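Single-letter residue listing:
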Amino acid sequence: MENIRRPDNMVRITTPELANKYIEEQIEALRAQIGDKKVLLALSGGVDSSVVAAMLIKAIGNRLTCVHVNHGLLRKGEPEQVIKVFREEMGANLIYIDATDRFLDKLAGVSDPETKRKIIGKEFIDVFAEEARKLDGITFLAQGTIWPDILESEDGIKAHHNAGGLPDDLNFELVEPVRILFKDEVRVVGKALGLPDNMVYRQPFPGPGLGVRCLGAITRDRLTALRESDAILREEFAAAGLAGKVWQYFTIVPDFRSTGVRNGQRCFDWPVIIRAVNTKDAMSATVEPLDFALLQKITARILAEVKGVNRVLYDLSPKPVATIEWE
Ligand code: XMP
């Protein structure tokens, strides 16, 4: 499947009918490629890997093994949703690994953003490779590679982020059932496969997860404040009808504190920064002009509900000069 290219005349998949046709063709192709062998998939809960999982479950059922590694830097409710949707609703053969302590121990005291990213990336491969070695008789590795990944790696814009990076002893053959699709098509296919809307229309989420939003050396208390404030922001955006309209929105917790007063007593707590941006290609971005009353409501909830936080700020910086993520 490695050299399959998107045909020049391929019709853009925009309807359930076109999606179902694609799914049928792929299921046939997957069965032909895989035969009676077994497939492994790193299931992050992101759109691409979720669609690949749902497609493979349809094609080969329990001969697919999904591994969901929780690196402790996922958003509130995400690992639970992966387990609920794939194991409970779709009956997937899902191995869930809570590697939170392992990641946070490795990250303890590390404040340099690039070093943090490298640690998270390497640890992820190590955990996944360890699990893969425990399994017998796996021939294939499924990946959520999509067509823009191929184009960008050919253009030399970025290294193909799905290119595995697994150690040499794990030389699987690749299975890439969404390889020729654009992102919008992956979503239409995901919907047709019955995945829930909040998985299919999920905003982009970086691989290093909350790790690049818990600034500096990650601590568990700030990570909790980050996760809780992010959940409040998502709830309020959904209630205001902004989910799916604003391209990306999240919170950030920096590694400095400021003076405040709570219940008549001095407090010395963390700030929470809100970021909400719109973009087409993530190369440049504008800030969403949020309604002030909504900002006030989110602020009030964060200050009342999130422990250790005494200020809320809104990031007004477009990209460039600022990047979307803070690290
Ligand atoms: P920046 O911060 O560079 O982000 O303006 C642009 C977009 O890319 C996402 N992002 C990542 N996605 N792995 C990913 O899969 C990463 O390491 C990563 N870093 C940033 C970011 O969330 C934004 O959508």
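Residues numbered from 1 in each chain as written. Predicted model: local features only at pLDDT ≥ 70, side-chain atom pairs only at ≥ 80, totals over all residues. Heavy atoms only, no water.

Considering the site of the ligand
For clarity, the threshold we go by: Any residue with a heavy atom positioned within 4 Å of a molecule or strand is treated as near that molecule or strand. A 3.5 Å cut-off defines polar contacts: any pair of N or O atoms within that distance qualifies, except that in protein one atom must be a possible hydrogen donor and the other a possible acceptor, and neighbouring residues in sequence count only when both atoms are side-chain atoms. Here the accessible surface of atoms and residues is derived via Shrake-Rupley with a 1.4 Å probe, and residues count as covered only by protein chains that are part of the display. Charged means Asp, Glu, Lys or Arg here, nonpolar means Ala, Val, Leu, Ile, Met, Phe, Trp, Tyr, Cys or Pro, and polar covers whatever is left, Gly included.
Near the ligand, the surroundings consist of Arg117, Pro204, Pro206, Gly207, Pro208, Trp247, Gln248, Ala282, Lys319, Thr323, Ile324 and Glu325. At 2.6 Å from an oxygen atom of the ligand is found a side-chain nitrogen or oxygen belonging to arginine 117. A distance of 2.5 Å is found between an oxygen atom of the ligand and a side-chain nitrogen or oxygen belonging to glutamate 325. Summarising the interface, the protein chains cover 69% of the accessible area of the ligand, which totals 500 Å² for the free molecule. Tallied by class, residues from the shell around the ligand come to six nonpolar, three polar and three charged.

Regarding the pattern of salt bridges
Which entries qualify depends on this criterion: Each salt bridge in this description consists of a side-chain nitrogen of Lys or Arg and a carboxyl oxygen of Asp or Glu lying within 4 Å of one another. For the purposes of this entry, the term helix denotes a DSSP run of H or I that reaches at least four residues, the term strand denotes a run of E that reaches at least two, and both are numbered from the N terminus. Only protein chains enter the accessibility calculation, which uses a 1.4 Å probe; a residue is then buried when its area is under 20% of its type maximum, exposed when over 50%, and partly exposed in between.
All told, the structure shown has 27 salt bridges when counted by the stated rule. Arginine 213 is paired through a salt bridge with glutamate 325; the nearest N and O atoms lie 2.8 Å apart. A residue pair is termed long-range when its members are at least 10 positions apart, and arginine 213 in the loop between helix H8 (197-200) and helix H9 (220-239) and glutamate 325 in the segment after strand S10 (309-314) qualify at 112 residues. Of the two residues examined, arginine 213 and glutamate 325, each falls in the buried class. Aspartate 269 serves as the salt-bridge partner of arginine 262, at 2.9 Å between the closest nitrogen and oxygen. Among the residues examined, arginine 262 registers a relative accessible area of 33% and is labelled partly exposed. The network of salt bridges with shared partners includes Glu235, Glu236, Lys297, Arg301 and Glu305.

What to know about the nonpolar core
The test is simple: Nine residue types can take part in a nonpolar core, namely buried Ala, Val, Leu, Ile, Met, Phe, Trp, Tyr and Cys, and a core is a set of them joined through side-chain atoms within 4.5 Å. Only heavy atoms enter the contact rule, under which two residues are in contact if any of them lie within 4.5 Å.
Within the largest apolar cluster, 50 residues are counted, with the highest numbers of intra-cluster contacts made by Leu40, Leu73, Phe172, Leu223, Phe237, Leu290 and Ile302. Contributions of two or more residues to this core are made by strand S2 (64-70), helix H4 (100-107), helix H5 (113-134), strand S4 (138-142), H9, strand S8 (265-278), helix H10 (292-305) and S10. Here leucine 290 is in contact with Phe237, Leu242, Ala276, Leu295 and Tyr314, once residues within four sequence places are set aside. In terms of nonpolar packing, the next biggest core, distinct from the first, is built from 43 residues, Ile27, Met55, Cys66 and Val82 among them.

Concerning the sheet that holds S4
Here is the rule: Only strands joined by at least two bridges in the DSSP assignment are considered to pair. To obtain each axis, a line is fitted to C-alpha atoms, and for helices this fit is confined to the stretch in contact; angles are then taken between N-to-C directions over 0 to 180 degrees.
Taken in spatial order, the five strands make up an open sheet running S3-S2-S1-S4-S5, and their pairing is parallel. Strands with a single pairing partner mark the edges of an open sheet, and in this sheet they are strand S3 (93-98) and strand S5 (173-175). This sheet shows a mean twist of 30° between the axes of neighbouring strands, independent of strand direction. Of the strand pairs in this sheet, strand S1 (residues 38-42) and S4 are connected by four bridges, and their pairing is parallel. Following the sheet pairing, leucine 40 is matched in S4 by leucine 141.

So, the environment of lysine 58
Checked against the element boundaries, lysine 58 lands in helix H2 (residues 47-60). Sequence spacing of lysine 58 and glutamate 24 is 34 residues, and the spatial spacing of their C-alpha atoms is 9.8 Å. If we ignore the near neighbours within four places in the chain, the residues touching lysine 58 are Ile27, Arg31 and Leu193.

Regarding the pairing of S8
Within S8, ten of the 14 residues are buried, leaving the element largely enclosed by the surrounding structure. Bridge count for S8 against S10 is five bridges, and the pairing is parallel. For tryptophan 270, the partnering residue across the bridge sits in S10 and is valine 309.

A look at helix H1 (residues 16-34)
Counted only if it meets this: Under the convention used throughout, the expected extent of a helix is 1.5 Å for every residue step, that is, one less than its residue count. Summarising the geometry, the arc corresponds to the directions from the helix axis toward the C-beta atoms.
Across its 19 residues, H1 extends 26 Å between first and last C-alpha, which sits within 8% of the 27 Å expected from 1.5 Å per residue. Restricting attention to buried positions, one finds in H1 the residues Ala19, Tyr22, Ile23, Gln26, Ile27, Leu30 and Ile34. Axial view of H1: buried residues confined to an arc of 140°, hence all on one face. What points out from H1, more than 90 degrees from its buried face, is the exposed set Glu17, Glu24, Glu28 and Ala32. Close packing links the buried residues of H1 with S1, H2, S4, S5 and helix H7 (183-192). Downstream of H1 by one or two residues, glycine 35 has phi in the positive range, about 60°.

Let's talk about H7
Residues separated by three or four positions in an α-helix point in the same direction, a consequence of the helix having 3.6 residues per turn. For H7, the full list of buried residues reads Glu185, Val186, Arg187, Val188, Val189 and Gly190. Of the surrounding elements, those touching the buried residues of H7 are H1, H2 and H8. Following H7 by one or two positions, glycine 194 has its phi on the positive side, about 90°.

What is shown is where atoms sit, not what they do.
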